[in-house]
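Structural features, examined
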Amino acid sequence: MNKVFEIELNISAEQAWVAVGEKFGETGQWTSLLDSSYLEGQLAPGGYRVCMQKNKKLTERITQFDPENMKLEYELIDGRPPIVQSAGNSWSIMSLGSKCCLVSMRPEISMKWWAVLLTPLLWLGLNTSLPKVLEEFKHWAETGTVHPRKKAMAKSKRKFS
């Protein structure tokens, strides 16, 4: 099952590509879904992004990195929930003019056979969380600053440490 999530940005497609593609390893700096992230290996197919999410390590392998067409695909290879058979995501950027572009995200997830009935619950969660990710990305890419949601998350972590 897959669905496309999109958002328009008021920056050039090239600027958006730098933020999502060239800085793929830095996603944890701007999204509240992750505590941190870093790139391991090359920013190319076969390279990895390691993400920390609430003391859980997620490892994603880059399967496509195409700067010319502004498209990036990766698969989650370690850290999937037990009910998920496979999970991946792709980002693409399309120019809508010199200072406007469309950012698209297309997650692809398949459930293990015994968990297929839970698929609607999974998509309910993604329909809530992924628009927030795009909103946080828009804020980061357009302003160069962290979205208030991410700032609040960091502040609450300091408070409880």
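In this report, the structure presented in the accompanying data block is examined. Here the structure is a predicted model, which means the values were calculated and not measured.

Cut-offs used in this document
Residues numbered from 1 in each chain as written. Predicted model: local features only at pLDDT ≥ 70, side-chain atom pairs only at ≥ 80, totals over all residues. Heavy atoms only, no water. Helix = DSSP H or I, 4+ residues; strand = E, 2+ residues; numbered from the N terminus. Buried < 20%, exposed > 50% of the residue type's maximum accessible area, 1.4 Å probe, protein only. Contact = heavy atoms within 4.5 Å. Pairing = 2+ DSSP bridges. Axes fitted to C-alpha atoms, helices over the stretch in contact; angles between N-to-C directions. Phe/Tyr/Trp six-rings, centres within 6.5 Å; stacked < 30°, edge-to-face > 60°. Lys NZ or Arg CZ within 6 Å of the ring centre and 35° of its normal. Patch = residues over 30% accessible without salt bridge, like charges linked within 9 Å, V, L, I, M, F, W, Y side chains within 5 Å. Areas by Shrake-Rupley, 256 points an atom, 1.4 Å probe, with all protein chains shown as cover. Salt bridge = Lys/Arg side-chain N within 4 Å of Asp/Glu carboxyl O.

Turning to the side chain of Thr27, a few remarks are in order. Inspection of the secondary structure assignment puts Thr27 in the loop between helix H1 (13–22) and strand E2 (36–40). You can call Thr27 buried: its relative accessible area is 10%. Ignoring anything within four residues of it in the chain, the contact list for Thr27 reads Leu34, Ser37 and Arg49.

The 7 strands lie next to each other as E1-E7-E6-E5-E4-E3-E2, forming an open sheet whose pairing is antiparallel. Pairing within the sheet leaves two strands with one partner each, and these edge strands are strand E1 (5–9) and E2. In this sheet, adjacent strand axes meet at a mean angle of 20° when their direction is disregarded. Sheet topology places strand E3 (residues 48–53) next to strand E4 (residues 56–66); 6 bridges connect them, and they run antiparallel. Looking at E4, one finds that Tyr48 is bridged to Arg61. The sheet strands contacting H1 are E1, E4, strand E5 (71–78), strand E6 (84–97) and strand E7 (100–111), and the helix crosses E6 at an angle near 160°. Contacts from helix H2 (residues 119–143) reach E1, E6 and E7, with the element oriented near 15° to E1.

Another aspect to go through is the packing of aromatic side chains. Evaluation of the coordinates by the stated rule reveals 5 aromatic pairs. Judged by centre distance (5.3 Å) and plane angle (45°), the rings of Trp17 and Phe65 are tilted. Of this pair, Trp17 sits in helix H1 while Phe65 sits in strand E4, and the two are 48 residues apart along the sequence. The class for Trp17 is buried, based on a relative accessible area of 5%. An angle of 55° between the planes, with centres 5.1 Å apart, marks the rings of Phe24 and Tyr74 as tilted. Placement of the pair is Phe24 in the loop between H1 and E2 and Tyr74 in strand E5, with a sequence separation of 50 residues. By way of ring pairs, the aromatic residues Trp30, Trp91 and Phe137 are connected into one cluster. Its guanidinium or amino end placed over the ring of Tyr74, Arg49 lies 4.9 Å from that ring's centre, counting from NZ or CZ.

Together, Leu118, Leu121 and Leu124 give the surface a local cluster of nonpolar side chains, amounting to about 300 Å² of exposed area. By the element assignment, Leu118 lies in the loop between E7 and H2.

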